[in-house]
Amino acid sequence: MLDREGFRPNVGIILLNTHNEVWWGKRVREHSWQFPQGGIKFGETPEQAMYRELEEEVGLKASHVKIIGRTRDWLRYEVPDHFIKREIRGHYRGQKQIWFLLRMTGRDCDVNLRMTNHPEFDAWRWHNYWVPLDVVIEFKREVYQRALQELSRFLHRPRQGAQRQPARYLRQPPDVPTPPPETRELAELRETREKTTLIVTGTNNK
């Protein structure tokens, strides 16, 4: 679905934690990072498309976030010809985006990068609000800068007493079966062995 100028309607998502750090996703099998984004389907509002893309790409539902701002108008970028499929060259020019600023009310463990069979990201992290644009594909950088600048007016100071966690990469863990729960008999046997070991080694410092 293109407008008269050849731009496809799209949404972009900037997701904040309590420290005003942004959710920064690593594209599958690439060394580039970006915000979640996606096209608006026929009949969808930008807000409906945003919630759908958030769940498909990040695994978060509407109950995990709160909308705190959006861009006033469309932000556009053109896509270079060599990134455009041959059959739509001359018709498709790029994307026009409404950007949403969200506050995450859920937990890090609510993130699930495998909600679809074709995930967009294979790792993610929290990053300072002003992300390094040199890791963003070149033709999107100006739109990222404009979106961050416009939405920065909605930022507030991190809540008092909140402990900032060190930056870390969070990869989607493999599907590992959960071990069976420990039986009462095994727990009692393990506890007896541990007490015996402490007495023998002289490390029981009560």
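When the pLDDT values of the protein are averaged, the result is 84; 76% of them are 70 or greater. Here residues 196–206 is a poorly scored stretch, pLDDT under 50, and it has three contacts once near neighbours within four places are set aside; other chains count.

Let's shift gears to the packing of aromatic side chains. In the structure shown here, the tally under the stated rule is 11 aromatic pairs. Between tryptophan 24 and tyrosine 144 the ring centres are 6.4 Å apart and the planes differ by 65°, which places this aromatic pair in the edge-to-face class. Residue tryptophan 24 is found in strand β2 (residues 22–27), and its partner tyrosine 144 is found in helix α2 (residues 141–151); the two are separated by 120 residues along the sequence. Each member of the pair tryptophan 24 and tyrosine 144 is classed as buried.

Moving on, we get to helix α1 (residues 46–58). In this model α1 runs 17 Å from its N-terminal to its C-terminal C-alpha over 13 residues, within 8% of the 18 Å that 1.5 Å per residue would give. Turning to α1, its buried residues number three or more, namely Ala49, Met50, Arg52, Glu53, Leu54, Glu57 and Val58. Those residues of α1 that are buried are in contact with β1 (7–16), β2, β4 (37–39), β5 (65–70), β7 (94–104) and β8 (121–127).

For the coordinates displayed, the defined rule picks out 11 salt bridges. With a closest N to O distance of 3.1 Å, lysine 26 and aspartate 122 form a salt bridge. Within this pair, whereas lysine 26 is found in strand β2, its partner aspartate 122 is found in strand β8, the two being separated by 96 residues in sequence. Judged by its relative accessible area of 11%, lysine 26 is buried. Note that arginine 93 and glutamate 78 form a salt bridge whose closest N and O atoms lie 2.4 Å from each other. Here arginine 93 is found in the loop between β6 (75–78) and β7, whereas its partner glutamate 78 is found in strand β6, with 15 residues between them in sequence. Judged by its relative accessible area of 35%, arginine 93 falls in the partly exposed class. Of the residues examined, glutamate 78 reaches a relative accessible area of 46% and is grouped as partly exposed.

What follows is about α2. Residues of α2 that are buried include every one of Val143, Tyr144, Ala147, Leu148, Glu150 and Leu151, and no others. In an axial view of α2, the angular spread of the buried residues amounts to 170°, which keeps them on one side of the axis.

Within the secondary structure, histidine 19 sits in the loop between β1 and β2. You can call histidine 19 buried: its relative accessible area is 18%. Taking C-alpha positions, histidine 19 is 9.8 Å from histidine 127, a pair spaced 108 residues apart along the chain.

Rules used in this analysis
The written sequence of each chain sets the order in which its residues are numbered from 1. Confidence filtering applies because this is a predicted model: local features only for residues at pLDDT of at least 70, side-chain atom pairs given and counted only at 80 or more, and all residues used for totals across whole chains, interfaces and linings. Side-chain measures were taken over the full set of non-hydrogen atoms in the model, leaving aside hydrogen atoms and water. One number per residue, pLDDT, summarises how confident the predictor is, and it ranges from 0 to 100. Should any heavy atoms of two residues lie within 4.5 Å, those residues are considered in contact. The aromatic pairing rule takes the rings of Phe, Tyr and Trp, using the six-membered ring of Trp, and pairs them if the centres are within 6.5 Å, calling planes under 30 degrees apart stacked, those over 60 edge-to-face and the rest tilted. A run of DSSP states H or I qualifies as a helix once it reaches four residues; a run of E qualifies as a strand once it reaches two. Both are numbered from the N-terminal end. For every residue, the accessible area (1.4 Å probe, protein chains only) is compared with the maximum for its type, and the residue is labelled buried under 20%, exposed over 50%, or partly exposed between those bounds. The length a helix should cover is 1.5 Å for every residue beyond the first. The working definition used for a salt bridge is a side-chain nitrogen of Lys or Arg within 4 Å of a carboxyl oxygen of Asp or Glu. Arc definition: directions from the helix axis to the C-beta atoms.

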